[in-house]
Amino acid sequence: MTQDPADYLHRLGETGDGPHDIARAALMFAALDHSGRQLSSYEDHLQEIANHAREDTRLMLHMEDGARALAFVMVGRYGYDGDRFSYDDPSNADLISVIERRRGLPVAIGILYLHAARAAGFEAVGLNSPGHFLIRLTFRGHAALIDPFNGAQIIREGLALPPRTGTGSLDDPRLSTPVSDIEVLLRLQNNLKLRAINAGEKQRAVEIGTRMLMIAPKRADLWLDIARLNEASGALGAAQKAYESCMSLAMPKDGLHNEAALGLHALKRRLN
């Protein structure tokens, strides 16, 4: 029997930054919006990707050969690509929809690449690239940056970043700073939250912010965010508790602690 998605994500949040079975975790997030949907076909698809990635890269001798083989699996065999035509559609951050459509945001497609690359024997991590999502692959001491949104293009020294990567150059230290799997999953959910905020969907933003806390329950910044979202939506009691949670997790005199204290003080004045 498939595990309850919320239970899976809560348990994930108790185990640290990872690495995790990142594609399965993203699938569990998506399942929260598809109540009653059977996940077996999507889980089978993820296993199939892993099997093909393992098989198609088994003879690789060099990093570029392996990266091209990985691109063949994801693009040539399965047709995954970035969605350039409806980029801001929330379905682009929903892994169930991404699998069905074979289109998605950079981080959503990137999660599938991380899944495939690790199955193939690469060390693979997401990078803190500004405004985009890149992956660093390492194999036998050699590394390469790939862009999953643009067909796993290998980014070489001196090559300008592809469209939608935001500002910066290959010398930007953020392009070599790995992020944890939890950070990657939070980035995926943050895309949904921002789209809800931009659409004026306050309750949806609160819902997504609360989901983010499932996998990062000790992140003071997330508690501050959910406090503000709850306050904006009129859930003042929930906002108060979230401000208090932020203060309990942040260091005294830390910026987050001070922001939460100020927010809580202003909220209490409203409640009195």
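First, a word on scope: everything that follows refers to the structure included in this document.

Rules of the game
Residues numbered from 1 in each chain as written. Predicted model: local features only at pLDDT ≥ 70, side-chain atom pairs only at ≥ 80, totals over all residues. Heavy atoms only, no water. Helix = DSSP H or I, 4+ residues; strand = E, 2+ residues; numbered from the N terminus. Buried < 20%, exposed > 50% of the residue type's maximum accessible area, 1.4 Å probe, protein only. Core = buried A, V, L, I, M, F, W, Y, C linked by side-chain atoms within 4.5 Å. Contact = heavy atoms within 4.5 Å. Phe/Tyr/Trp six-rings, centres within 6.5 Å; stacked < 30°, edge-to-face > 60°. Polar contact = N/O pair within 3.5 Å; in protein donor to acceptor, adjacent residues only side chain to side chain.

## As for unusual backbone geometry
Outside of glycine, negative phi angles account for most residues, and trans bonds account for most peptide bonds.
Move 1: Note that the residue after Gly-18, namely Pro-19, is joined by a cis bond; omega there is 10°.
Move 2: Looking at the secondary structure, you find Pro-19 in the loop between helix 1 (5–13) and helix 2 (22–31).
Move 3: The backbone of Arg-102 shows a phi angle near 60°, a positive value even though the residue is not glycine.
Move 4: If you trace the backbone, Arg-102 turns up in the loop between helix 5 (95–101) and strand 2 (103–104).
Move 5: A positive phi angle is found at Arg-140, which is not glycine, with a value near 50°.
Move 6: Mapped onto the fold, Arg-140 is located in the loop between strand 4 (135–139) and strand 5 (142–147).
Move 7: By relative accessible area, Arg-140 is classed as exposed at 60%.

## Quick look at the nonpolar core
Move 1: Judged by nonpolar contacts, the single largest core of 84 residues is most densely connected at Leu-70, Tyr-80, Phe-122, Leu-137, Ile-146, Leu-185 and Ile-215.
Move 2: Each residue touching Leu-70, except ones within four places of it in the same chain, is listed here: Ala-53, Thr-57, Tyr-113, Ala-116, Ala-117, Phe-122, Leu-137 and Ile-146.

## Describing the packing of aromatic side chains
Move 1: Using the criterion set out here, one finds two aromatic pairs in the structure.
Move 2: Their ring planes at 75° and their centres at 5.7 Å tell us that Tyr-87 and Phe-149 sit as a pair that is edge-to-face. Taken together, the positions of Tyr-87 in the loop between strand 1 (81–82) and helix 5 and Phe-149 in the loop between strand 5 and strand 6 (153–155) put the pair 62 residues apart, joining distant regions of the chain. Of the two residues examined, Tyr-87 and Phe-149, each falls in the buried class.
Move 3: Summarising the aromatic geometry, the rings of Phe-122 and Phe-139 are spaced 5.9 Å apart at their centres and angled 65° between planes, so their arrangement reads as edge-to-face.

## Some remarks on the environment of Arg-24
Move 1: With respect to the helices and strands, Arg-24 occurs in helix 2.
Move 2: Placed 18 residues apart in sequence, Arg-24 and Tyr-42 show a C-alpha to C-alpha distance of 9.2 Å.
Move 3: With residues up to four places along the chain from it excluded, the contact list for Arg-24 reads Gln-3, Tyr-8, Glu-43 and Leu-46.

## Quick notes on the side chain of Thr-57
Move 1: With respect to the helices, strands and loops of the structure, Thr-57 is situated in the loop between helix 3 (40–56) and helix 4 (63–77).
Move 2: Assessed through its relative accessible area of 3%, Thr-57 is described here as buried.
Move 3: In this structure the side chain of Thr-57 is engaged in a polar contact, spanning 2.6 Å, whose partner is the backbone oxygen of Ala-53.
Move 4: Apart from residues no more than four positions distant in its own chain, Thr-57 is found in contact with Gly-66, Ala-69, Leu-70 and Ala-120.

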